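These are the residues of each chain, in order.
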Amino acid sequence: MSEDAISITEARKRRSAKAGVRHAMEAAPVADPAAAADAEARSAARFTMTADGLYKNVPGKFPERICDHFDVLGETTEPASKAWGLLTAFRDRDMREVQYVAGRDAFTGESLELTRALARLGFSIRPGRAAANALAEYLFSIQSVKRAFIVAQSGWHLIDNARLFVLPDFVAGEGERRVVHQSRLSGVSPFATAGTLEAWRDHVAALAVGNSRLTLSISCAFAGLLLDLVGEDGGIVHLRGHAKSGKTTCLRAAASVWGYPGAGRRTSFMRTWRATSVGLEEIAAMHSDTFLPLDELGAADGRDVGDVVYFLSSGQGRARGSRGGGLRETLYFRVMSLSSGEIGLADKMEEAAKGTRAGQEIRLLDLDAVADREIGAFETLHGAPSLAAFAAALVRGAVENHGQAGPAFAAYLIERLRDDPAYGPGLADDASALAATWLGDVPNVGAQVATAARRFALVAIAGSLATEAALTGWGARAAQEAAHKCFLAWLDGRGFAGSREDEDAISRLRAFCQTHGKARFEEWSEPRGAQAEFEAPEDLRGDKVQVHHRAGWRRWMRNDDGGASWRYYLTAPGMREALEGLDYRRSLQVLAERGLIGIDKDRKPGGTVRVPGYDPQRLYMVLPKLFSDAPE
């Protein structure tokens, strides 16, 4: 038989097999409530569930008690993984109701893992493999017509075309099916509540009035809820200031929007930079769509902190291999972070001999936490006798009343989304318009500053919406005015509105020429017998030295203003060394457009120059403006 005949035969077999599968699927009986009831009745022949617990019926013997009583509330499915399970409910050893989702894959393999998980939650089961297998057998036989969706991560979810916001013990929105949160992460849920929303508003939010950094911090805690609605990545606002300036107090006040803001508890919502990158990925996933306060940047590992900034803002952890081959599940999240520390990102990365990239600088906005030299991060103490007394009162109010405002804001947004499906895109437009207003009087704005302005604006919108929802008690424009003030302070600290890469090109070329001087730049010598047009004074020329690893030449020349200075001519390799790590072509273009290096007749950077004693070559002449425009 020919190869063509074999391939035709195989194709016919495949079509026949597909038709058989299709016929079997069409002929399969549809599950109905009566069939489920029959299955449960069959399992009852081998097992008996009483108020005292589950018993296994053994012919000719007394029934064997397997475990405590529990109820099956329905079958579950997880939209992301398509995994099925059973939603169970039982009372723990303190008689509190506990709900637990038992995956159906646990009923067919090693069932001891299932019983260990239940035992950790306070469920009593007879020790040993026999009891574990009996429980798995009973659960395997159960079918239910009731359905529930399992979500493994906090935050926004779209289920049955309904938008829901889910926390471990809270669901905002209504769908067709029950929704249960069950995390696959190992940490304890950070979402805790205490006190009342009214008391939080009076003893925490009220103290932010007139305090720009504190108002911005609390607004940041609300802003994470908007990221998904407007289609934005996360970001970090970093409060940098000296010890005891109030920056950590601002973090605690913001953390109280979602949970316990103190220290020393496993359930604390406050986090620290003192963690591995893997640990911070899991923490970010636990805080997804809410807020992540990170205290003390100085405790971070300088080797990793740059990567952490990238993945916290991009919302995706690192892809890693599993022990059994293949990839482990990659973590995804959306989170707005507020950070604090006595140093900034650049200082931290410098400890590990790493430079800061422009993308990192915009993802972590380094804001001077000190708003007033006398009282640190605050502009008013609202009658408190000292900064310490004000901070103590603020923290006390946050510890006694927390975890109420965040869920209330989620419920408010759900109502707005129900009334107006285009509400999210509208918020994005509002943020863009507000940022454009702020940038109207700022000259030469680059894309990076525009991005930063938009993030500050989104935080302002979040604070304004929380005020509109009667959560803060602030004035209608308080959040926007505070965010605008903080944006201007950030811009002033940055020192320029253009691109960081452009400024780096300028500063690196200037530093290269000033650092290496006559050590790397050979002095321009006129041909023997020729008269130099203009010679440098003897005290500026210094002793002649032999130049190694020449980067170019330097020539004493008269300037347009009548003065004189060294003019540097860099070779192409020398210029590449000066601009190492930057986009070389773009950097040359920026230097030429700013009038800092010479251009040729075609207006391209550099030009062909004949240095006495050398063949003509392309050199880049540095103009005096590079040094006269240097910041003081």
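A brief look at the structure comes next.

Parameters and conventions
- Residues numbered from 1 in each chain as written.
- Predicted model: local features only at pLDDT ≥ 70, side-chain atom pairs only at ≥ 80, totals over all residues.
- Heavy atoms only, no water.
- Helix = DSSP H or I, 4+ residues; strand = E, 2+ residues; numbered from the N terminus.
- Pairing = 2+ DSSP bridges.
- Axes fitted to C-alpha atoms, helices over the stretch in contact; angles between N-to-C directions.
- Phe/Tyr/Trp six-rings, centres within 6.5 Å; stacked < 30°, edge-to-face > 60°.
- Buried < 20%, exposed > 50% of the residue type's maximum accessible area, 1.4 Å probe, protein only.
- Lys NZ or Arg CZ within 6 Å of the ring centre and 35° of its normal.
- Core = buried A, V, L, I, M, F, W, Y, C linked by side-chain atoms within 4.5 Å.
- Contact = heavy atoms within 4.5 Å.
- Polar contact = N/O pair within 3.5 Å; in protein donor to acceptor, adjacent residues only side chain to side chain.
- Salt bridge = Lys/Arg side-chain N within 4 Å of Asp/Glu carboxyl O.
- Parallel < 35°, antiparallel > 145°, perpendicular 65-115°, else oblique.
- Left-handed = near helix turned anticlockwise from the far one by under 90°.
- Disulfide = S-S within 2.5 Å.
- Expected span 1.5 Å × (residues − 1).

Quick word on unusual backbone geometry
Then, in step 1: With phi around 65 degrees, methionine 95 is a residue other than glycine that occupies positive phi space.
Then, in step 2: Looking at where methionine 95 falls in the secondary structure, it is placed in the loop between strand 5 (84-91) and strand 6 (97-103).
Then, in step 3: The phi dihedral of lysine 244 falls on the positive side, at around 60 degrees, and the residue is not glycine.
Then, in step 4: Considering the arrangement of structural elements, one finds lysine 244 in the loop between strand 12 (235-240) and helix 7 (247-255).

Overview of the sheet that holds strand 1 (residues 47-50)
Then, in step 1: Spatial ordering of the open sheet is given by 1-2-3, a layout of 3 strands whose pairing is antiparallel. Among the strands making up the open sheet, the edge pair consists of strand 1 and strand 3 (64-67). Ignoring strand direction, the axes of neighbouring strands in this sheet form an average angle of 30 degrees.
Then, in step 2: Here 4 bridges tie strand 1 to strand 2 (residues 53-56), and the two strands are oriented antiparallel to one another.

Comments concerning the packing of aromatic side chains
Then, in step 1: Applying the stated criterion across every chain, the model contains 23 aromatic pairs.
Then, in step 2: With centroids separated by 6.2 Å and ring planes inclined at 80 degrees, the aromatic side chains of phenylalanine 191 and tryptophan 258 adopt a geometry described as edge-to-face. Taken together, the positions of phenylalanine 191 in the loop between strand 11 (178-181) and helix 5 (197-203) and tryptophan 258 in the loop between helix 7 and strand 13 (271-272) put the pair 67 residues apart, joining distant regions of the chain.
Then, in step 3: Judged by its relative accessible area of 1%, tryptophan 258 falls in the buried class.
Then, in step 4: Seen from the ring of tryptophan 156, arginine 163 lies directly overhead, with NZ or CZ sitting 5.4 Å from the centre.
Then, in step 5: Taking the ring centre of tyrosine 584 as reference, the NZ or CZ of arginine 576 above it sits at 3.9 Å.

Description of the nonpolar core
Then, in step 1: With 87 residues, the main nonpolar core has Ile218, Phe222, Leu226, Trp258, Phe409, Leu413 and Trp490 as its most contacted residues.
Then, in step 2: If we ignore the near neighbours within four places in the chain, the residues touching leucine 413 are Trp156, Leu225, Leu226, Leu229, Tyr423 and Leu465.
Then, in step 3: Among the nonpolar cores identified, the runner-up in size contains 24 residues, and Leu570, Tyr584, Leu591 and Leu626 belong to it.

Section: the sheet that holds strand 13
Then, in step 1: Spatial strand order, 13-14-15-12-16: 5 strands in an open sheet with parallel pairing. Pairing within the sheet leaves two strands with one partner each, and these edge strands are strand 13 and strand 16 (364-368).
Then, in step 2: Two elements, strand 12 and strand 16, share 5 bridges in a ladder whose sense is parallel. Looking at the pairing, arginine 240 lines up with aspartate 368 of strand 16.

Section: the side chain of aspartate 502
Then, in step 1: Mapped onto the elements of the fold, aspartate 502 is located in helix 17 (residues 500-520).
Then, in step 2: On the basis of relative accessibility, which here comes to 9%, the residue aspartate 502 falls in the buried class.
Then, in step 3: Within the structure, the side chain of aspartate 502 is placed 2.9 Å from the side chain of arginine 586, a separation counted as a polar contact.
Then, in step 4: In this structure aspartate 502 touches Arg586, Val590 and Arg594, once residues within four positions along its chain are discounted.

As for the pattern of salt bridges
Then, in step 1: Summed over all chains, the structure comprises 28 salt bridges.
Then, in step 2: Across the salt bridge formed by glutamate 113 and arginine 116, the nearest N and O atoms sit 3.3 Å from each other. With glutamate 113 and arginine 116 both in helix 3 (residues 112-120) and 3 residues apart, this pair spans about one turn of that helix.
Then, in step 3: For the salt bridge of aspartate 504 with arginine 500, the shortest nitrogen-to-oxygen distance reads 3.6 Å. You can see aspartate 504 and its partner arginine 500 sitting in helix 17, 4 residues apart, about one turn around the helix.
Then, in step 4: When salt bridges that share partners are traced, they join Arg163, Asp228, Asp289 and Arg334 into one network.

Some words on the side chain of threonine 472
Then, in step 1: Here threonine 472 is to be found in the loop between helix 15 (447-468) and helix 16 (478-494).
Then, in step 2: A polar contact of 2.7 Å, which involves the side chain of threonine 472, links it to the side chain of threonine 467.
Then, in step 3: At 3.2 Å, the side chain of threonine 472 and the backbone nitrogen of tryptophan 474 are in polar contact.

Here's the deal with the packing of helix 8 (residues 277-286) against helix 9 (residues 305-314)
Then, in step 1: Running from amino to carboxyl end, helix 8 crosses helix 9 at an angle of 20 degrees, the nearest separation of the two axes being 11 Å. Here helix 8 is positioned roughly parallel relative to helix 9, judged by the angle of their axes. As helix 8 packs across helix 9, the resulting crossing turns out to be right-handed. For the pair formed by helix 8 and helix 9, the contact residues are Ser277, Leu280, Glu281 and Ala284 on the first element and Val308, Phe311 and Leu312 on the second.

Remarks on the state of the cysteines
Then, in step 1: Under the criterion given, the structure shown has 0 disulfides.
Then, in step 2: In this model cysteine 220 remains outside any disulfide bridge; the closest cysteine sulfur is found in cysteine 486, 8.9 Å from its own.

Some thoughts on helix 15
Then, in step 1: Helix length check: helix 15 (22 residues) gives 31 Å between terminal C-alpha atoms against 32 Å at 1.5 Å per residue, within 8%.
Then, in step 2: Most of helix 15 sits out of view: 18 of its 22 residues are buried.
Then, in step 3: Looking one or two residues past helix 15, alanine 470 carries a phi angle of roughly 65 degrees, positive in sign.

With respect to the pairing of strand 2
Then, in step 1: Between strand 1 and strand 2, which pair antiparallel in sequence order, lie 2 residues.
Then, in step 2: Pairing of strand 2 with strand 3, which is carried by 3 bridges, proceeds in the antiparallel orientation. Bridge pairing in strand 3 links leucine 54 to cysteine 67.

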